[in-house]
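# Examination of the molecular architecture
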Amino acid sequence: MTTAHTMEQVPVTTLANGHRLELTVHTLRGASAGPRMVMFGGVHGDEPMGAETVRRLVAAIDPAALRGTVVLVPVANPYAHAALTRNTPLDGMNLNRTFPGDRGGSVTEQLAAVLCEILTGADYFIDYHSGGNFASVDYAYIHDEGAEMSKAYGCRVLYAGTPYPGSATGWALTHGIACMVSELGGGGQRIDEYLARGLDGTLNVLRTLNMLPGEPVAPPADQVVVGTLSTLRPTVGGTMLCEYGVDRIGERVAKGTVLARIVHPATSEELEVLTAPYEPSILVLGRESLTNVAPGDYGLMVADGSTATPAA
């Protein structure tokens, strides 16, 4: 089997301005036959960490050492990526709630349909996400089909959650594809650290699947699986003064602990207080000490520590 790295521009549609919307797809074919792994970055445009992780993986994976095939789409939603927005600016839709999409639909629906075509026939799938423009996150989803990937990726908190309706992972699981979702980094915080972890974690996954040679690194001894994960969303907008930033992610805090306060940016009136809902609460998404928020934003995310069980 001949090794190769090929890159193609896969057409999606033509826009009103005449631009042809295409997806750049890299295919790494290994020296011997084996599984087919697909990786997406940039499904959400305000999460460039995932796109950069996948871009760097193109160079980090050596086809000569690879068993099987790895297909990589660094930027799955190009216009959202350009605008640093979660939803596609052209139709306002969330790509990760749109699968399997529609070849005859709007821009986002067509993107989802093309991405499903790329996913079809895969054995494994990793979808790379992060916190958005103002937040950092640190956990991975774990599913029965693909649990070995999540453990090998190396996050200390794994979430046994049901995929969102319309997500790429939800579609892939129903089509017999083993899946993992990375939720790592974001918010422009500790970028090099999180990029290194994403790269190292993915290469460890490929070693665990016997797609790359070498002995896999064992998961962290304190890795746990949690069954409940909650997003703490402010009901008002304002200035968010956060007590728990990226350096506090992973900490266990007592129920009722004040995590952040929302104050009026001009009058200093305290509008809302976000507190830890569980005993204990494990912080998985944090913000810098000062950020703006709108009603319903991702403020913080916490896992219910009482549901935590050892991953091993």
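Structure's up top.
I will try to describe carefully the structure that is included in this document. Everything numeric in this text was worked out from a predicted model, so none of it was measured.

### Considering the environment of threonine 13
Within the secondary structure, threonine 13 is located in strand 1 (residues 4–14). For the pair threonine 13 and glutamate 148, spaced 135 residues apart in the sequence, the C-alpha separation amounts to 37 Å. In this structure threonine 13 touches His19, Arg20, Leu21 and Gln110, once residues within four positions along its chain are discounted.

### Digging into the pairing of strand 2 (residues 20–29)
As defined by bridge partners, strand 1 adjoins strand 2 across 10 bridges and the pair is classed as antiparallel. By the bridge assignment, alanine 4 is partnered in strand 2 with arginine 29. As defined by bridge partners, strand 2 adjoins strand 4 (residues 67–73) across four bridges and the pair is classed as antiparallel. When the sheet's bridge partners are listed, arginine 29 is paired in strand 4 with threonine 69.

### What about the nonpolar core?
Inside soluble globular proteins, nonpolar side chains tend to come together where they are buried. The biggest cluster of nonpolar side chains holds 53 residues, and the ones touching the most others in it are Met37, Met39, Ile61, Val70, Met149 and Leu300. Looking at this core element by element, the count peaks at six residues for helix 6 (residues 191–208). In this view, isoleucine 61 contacts Leu28, Met39, Leu66, Val70, Leu203 and Leu206; residues no more than four positions away in its chain are not counted. Counting residues in each nonpolar core, the second largest holds 29 residues, with Val12, Val38, Val71 and Cys116 among its members.

### Concerning the environment of glutamate 288
Here glutamate 288 is to be found in the loop between strand 15 (281–287) and strand 16 (290–293). Sequence-distant contacts of glutamate 288, defined by excluding residues within four places in its chain, comprise Phe134, Gln189, Cys242 and Val246.

### Some points on the sheet that holds strand 11 (residues 238–242)
Ordered by their spatial adjacency, four strands build an open sheet running 14-13-11-16, and the pairing between neighbours is antiparallel. On the outer flanks of this sheet lie strand 14 (270–275) and strand 16, each paired with one strand and no other. Going from strand to strand, the sheet's axes swing by 25° on average, the running direction of each strand aside. Judged from the four bridges that link them, strand 11 and strand 13 (residues 258–263) form a sheet pairing that is antiparallel. Bridging across to strand 13, leucine 241 finds its partner in arginine 261.

### Examining the packing of aromatic side chains
As enumerated under the stated definition, the model contains four aromatic pairs in all. Each ring, one from tyrosine 139 and one from tyrosine 141, has its centre 5.8 Å from the other, and the planes form 45°; the classification is tilted. No difference in accessibility class separates tyrosine 139 from tyrosine 141, as the two residues are buried. Judged by centre distance (5.3 Å) and plane angle (55°), the ring pair of tyrosine 141 and tyrosine 159 falls under tilted. With tyrosine 141 in strand 6 (residues 135–141) and tyrosine 159 in strand 7 (residues 157–159), the pair connects residues that are 18 residues apart, well separated along the chain. In this pair, the class of tyrosine 141 matches that of tyrosine 159, namely buried. Through successive ring pairs, a cluster of aromatic residues spans Tyr139, Tyr141 and Tyr159. Sitting over the face of the ring of tyrosine 164, arginine 97 holds its NZ or CZ atom 3.8 Å from the ring centroid. When the ring centre of tyrosine 298 is taken as reference, the NZ or CZ atom of arginine 233 above it lies at 4.4 Å.

Conventions and cut-offs
- Each residue is numbered by its place in its chain's sequence as written, counting from 1.
- Confidence filtering applies because this is a predicted model: local features only for residues at pLDDT of at least 70, side-chain atom pairs given and counted only at 80 or more, and all residues used for totals across whole chains, interfaces and linings.
- Side-chain calculation: all heavy atoms of the structure are included, whereas hydrogens and water are not.
- Strands are runs of DSSP state E lasting at least 2 residues, helices are runs of H or I lasting at least 4, and numbering of each runs from the N terminus.
- The contact rule is simple, with two residues in contact once any of their heavy atoms fall within 4.5 Å.
- Should DSSP find at least two bridges between two strands, the strands are regarded as paired.
- Side-chain atoms within 4.5 Å link the members of a nonpolar core, which is a set of buried Ala, Val, Leu, Ile, Met, Phe, Trp, Tyr and Cys residues.
- Relative accessibility decides the category of a residue: with a 1.4 Å probe and only protein chains considered, values under 20% of the type maximum give buried, values over 50% give exposed, and everything between is partly exposed.
- Throughout, an axis means a line fitted to C-alpha atoms (over the contacting stretch in the case of helices), and angles, computed between N-to-C directions, take values from 0 to 180 degrees.
- Each aromatic pair joins two rings of Phe, Tyr and Trp (for Trp, the six-membered one) with centres within 6.5 Å, and gets the label stacked for planes under 30 degrees apart, edge-to-face for over 60, and tilted for any other angle.
- Geometrically, a charge over a ring is one whose NZ (Lys) or CZ (Arg) sits within 6 Å of the ring centre while staying within 35 degrees of the ring normal.

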